[in-house]
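Reading the structure
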Amino acid sequence: MTTRRLTVPELAADLPRVLDYARVDQGFVFVENGRHYIQLAFPDGWVLAEAVGNAYLEDPWTLQQHQEVLLDILGWARPGAADRDGRRHRNFHRVWLGETSSAAIAEDVVRTFTAVYLENEAAEVDLRVVSTEYSGGGFGDLDDDADALRVGQPSA
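Residues numbered from 1 in each chain as written. Predicted model: local features only at pLDDT ≥ 70, side-chain atom pairs only at ≥ 80, totals over all residues. Heavy atoms only, no water.

In total, this model carries 2 aromatic pairs according to the counting rule given. Residues Trp-76 and Trp-96 carry aromatic rings whose centres are separated by 6.0 Å and whose planes lie at 90° to one another, so their mutual orientation is edge-to-face. Here Trp-76 is found in the loop between α2 (65–73) and β5 (92–96), whereas its partner Trp-96 is found in strand β5, with 20 residues between them in sequence. On the basis of relative accessibility, which here comes to 5%, the residue Trp-96 falls in the buried class. Aromatic side chains Phe-113 and Tyr-117 sit 5.2 Å apart centroid to centroid with 55° between the ring planes, which places their arrangement in the tilted category. With Phe-113 and Tyr-117 both in helix α3 (residues 102–117), this residue pair falls 4 residues apart, about one helical turn. Since its relative accessible area comes to 1%, Phe-113 is described here as buried. Residue placement shows Arg-128 over the ring face of Phe-30; its charged tip is 4.1 Å from the ring centre. (Phe/Tyr/Trp six-rings, centres within 6.5 Å; stacked < 30°, edge-to-face > 60°. Helix = DSSP H or I, 4+ residues; strand = E, 2+ residues; numbered from the N terminus. Buried < 20%, exposed > 50% of the residue type's maximum accessible area, 1.4 Å probe, protein only. Lys NZ or Arg CZ within 6 Å of the ring centre and 35° of its normal.)

The next point concerns the confidence of the model for the chain. Summarising the model, the chain shows a mean pLDDT of 83, and 84% of its residues fall at 70 or more. Looking across the chain, the model is least confident in strand β1 (residues 2–7), with a mean pLDDT of 91, and most confident in α3, with 97. Predicted confidence for residues 134–156 stays below pLDDT 50, and this span has 41 contacts to residues more than four positions away or in other chains. (pLDDT = per-residue confidence, 0-100. Contact = heavy atoms within 4.5 Å.)

Looking now at unusual backbone geometry. Pro-60 follows Asp-59 through a cis peptide bond whose omega is 10°. The topology assignment puts Pro-60 in the loop between β4 (47–51) and α2.

Now the structure itself:
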């Protein structure tokens, strides 16, 4: 498992590359800030994301009505709605088909996290990646390339 603390601009710059890797590895990606999170999984060539809702939040972190409306506007299905496999989620959720670019998914995730969960864009978030392919977790082969995931640095 690898975790990095990032500013919103750093997250926007690094998340597409991290998603590209996680889609191949079929790991999990989490964007977190305290109690709020968006988690992404990559089953069978498509991308499933959940944005935390009130089922997993306690006061004072529960979502207000305007935050839930923002999630609706940004394309997230409400808790209780079924996904493409008929599974019902306790969180807001969203599915992207396999041909959707990692850049487009990252843009949606950053926009959602910034609009719904952050008080201001100066706040930092944690980007956590859990690998399923490698026993040590983290970014697998990319962990060996220090420049590949260095925040704010272009990949080699």
